[in-house]
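# What the coordinates show
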Amino acid sequence: MATATIIDGVSLAGAVKDDLVCRIAAIGGQVRLDAVLVGDDQGAVLYAKNQAKACEKVGIAYTLHQLPSTASHSQVEELILRLNNDNEVTAIMVQMPLPATVRTDDIQSLIAPHKDVEGVNPANIGNIVFGRRSLVPCTALAVMEMIESTGVEIKGARAICVGASTIVGKPVAVLLMQAEATVISTNEYTTDHDELTLGADILISAAGVPNLIRPEMVKEGAVVIDVGINRVVGADGKKRTVGDVDFEGVKKIAGFITPVPGGVGPMTVAMLLRNTVQAAELNTPPK
Ligand code: NAD
């Protein structure tokens, strides 16, 4: 029985990072990503540490601004405005979650669109819908890059995106529409997943539900992109990270498949770095 080609996120991300080193050299100045962390959420702290390491490897300066969990909305607002107005700062990102006292939507809308490397300002999401050049949410970009890496034509393909969050599922669906695929977007209230997924040449799962996509739901030869990151306890009693897709079963049916870990995750980090360099290029006048 044939098995799917694995789309290796670590190797694709490595190629992106190599290219960024050249692009940063061509800019000839400092490229700087400033991250805002409010409180001490352990996941966010770890994410910030990993970002710092990833930035260092390609030559992006990384500055972390930490505020206590007691910080008020206006303190976070003031910090964002200061970073927006600082010409030394190329790119801004705000680590989630923010404390309940801070209005996340308002803070995201305040980030200057040309520095918004996570694509969370509605102006950037709007540009995607209009098909204009924009800073696109990193995970959605990672998904598109991974599909494109297979060489399978997106135009005219039937694509399904399971999960419709603002940060992943919706932008992925819109990007696929821009690429002229025929797109279905589903969510937890969709009743006939099995039937819908079976017709898809490209299947993306971004629901956060382990074992959601089973072999009988997948069209032979399809491109399967697994965005999910779920912590589960294995048969041996040990904790491990899995995606939404039954990887072992689905790889016998699909043409291409991303693993978890080692798939969309590393590529998302690479896209954050690429967006940072893109923000710098857009703001660097030609020599
Ligand atoms: P979310 O909770 O904001 O949205 C989940 C979406 O999936 C919703 O639209 C919901 O209706 C839908 N959904 C839930 N259960 C479903 C079901 N049984 N069938 C169909 N649809 C269902 O989540 P999110 O932030 O978009 O994240 C989704 C998953 O992707 C999580 O596992 C998250 O950890 C992972 N994620 C990974 C990366 C990465 O870099 N690899 C980045 C972001 C999120």
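None of these values were measured; they are calculated from a predicted model. (Residues numbered from 1 in each chain as written. Predicted model: local features only at pLDDT ≥ 70, side-chain atom pairs only at ≥ 80, totals over all residues. Heavy atoms only, no water.)

Our next topic: the environment of P68. Its location among the elements puts P68 in the loop between β3 (61-67) and α3 (73-85). For the pair formed by P68 and V38, sequence separation is 30 residues and the distance between their alpha carbons is 5.7 Å. What P68 contacts, discounting residues up to four positions off in sequence, is V38 and G39. (Helix = DSSP H or I, 4+ residues; strand = E, 2+ residues; numbered from the N terminus. Contact = heavy atoms within 4.5 Å.)

Going through the model one piece at a time under the given rule, you end up with 10 salt bridges. R274 serves as the salt-bridge partner of E145, at 3.1 Å between the closest nitrogen and oxygen. Taken together, the positions of E145 in helix α6 (residues 138-148) and R274 in helix α10 (residues 264-282) put the pair 129 residues apart, joining distant regions of the chain. Its relative accessible area of 23% is what places E145 among the partly exposed residues. The partner of E180 in a salt bridge is K155, and the shortest N-O contact between them spans 3.8 Å. Within this pair, whereas E180 is found in the loop between α7 (169-178) and β6 (182-186), its partner K155 is found in the loop between α6 and β5 (158-162), the two being separated by 25 residues in sequence. The exposure class assigned to K155 is exposed, which follows from its relative accessible area of 52%. Linked by salt bridges that have partners in common, D19, R23 and E281 make up one network. (Salt bridge = Lys/Arg side-chain N within 4 Å of Asp/Glu carboxyl O. Buried < 20%, exposed > 50% of the residue type's maximum accessible area, 1.4 Å probe, protein only.)

Right, let's get into the nonpolar core. Ranked by size, the top nonpolar core spans 53 residues in total, and within it L33, I60, I147, L176, I204 and I225 carry the most contacts. Of the residues forming this core, the biggest block, 9 residues, is contributed by α10. Among all residues touching I147, those that are not within four sequence positions of it are I154, L176, I202, I204 and I225. Counting 15 residues, the second-largest nonpolar core is a separate cluster that includes V38, I80, L83 and L98. (Core = buried A, V, L, I, M, F, W, Y, C linked by side-chain atoms within 4.5 Å.)

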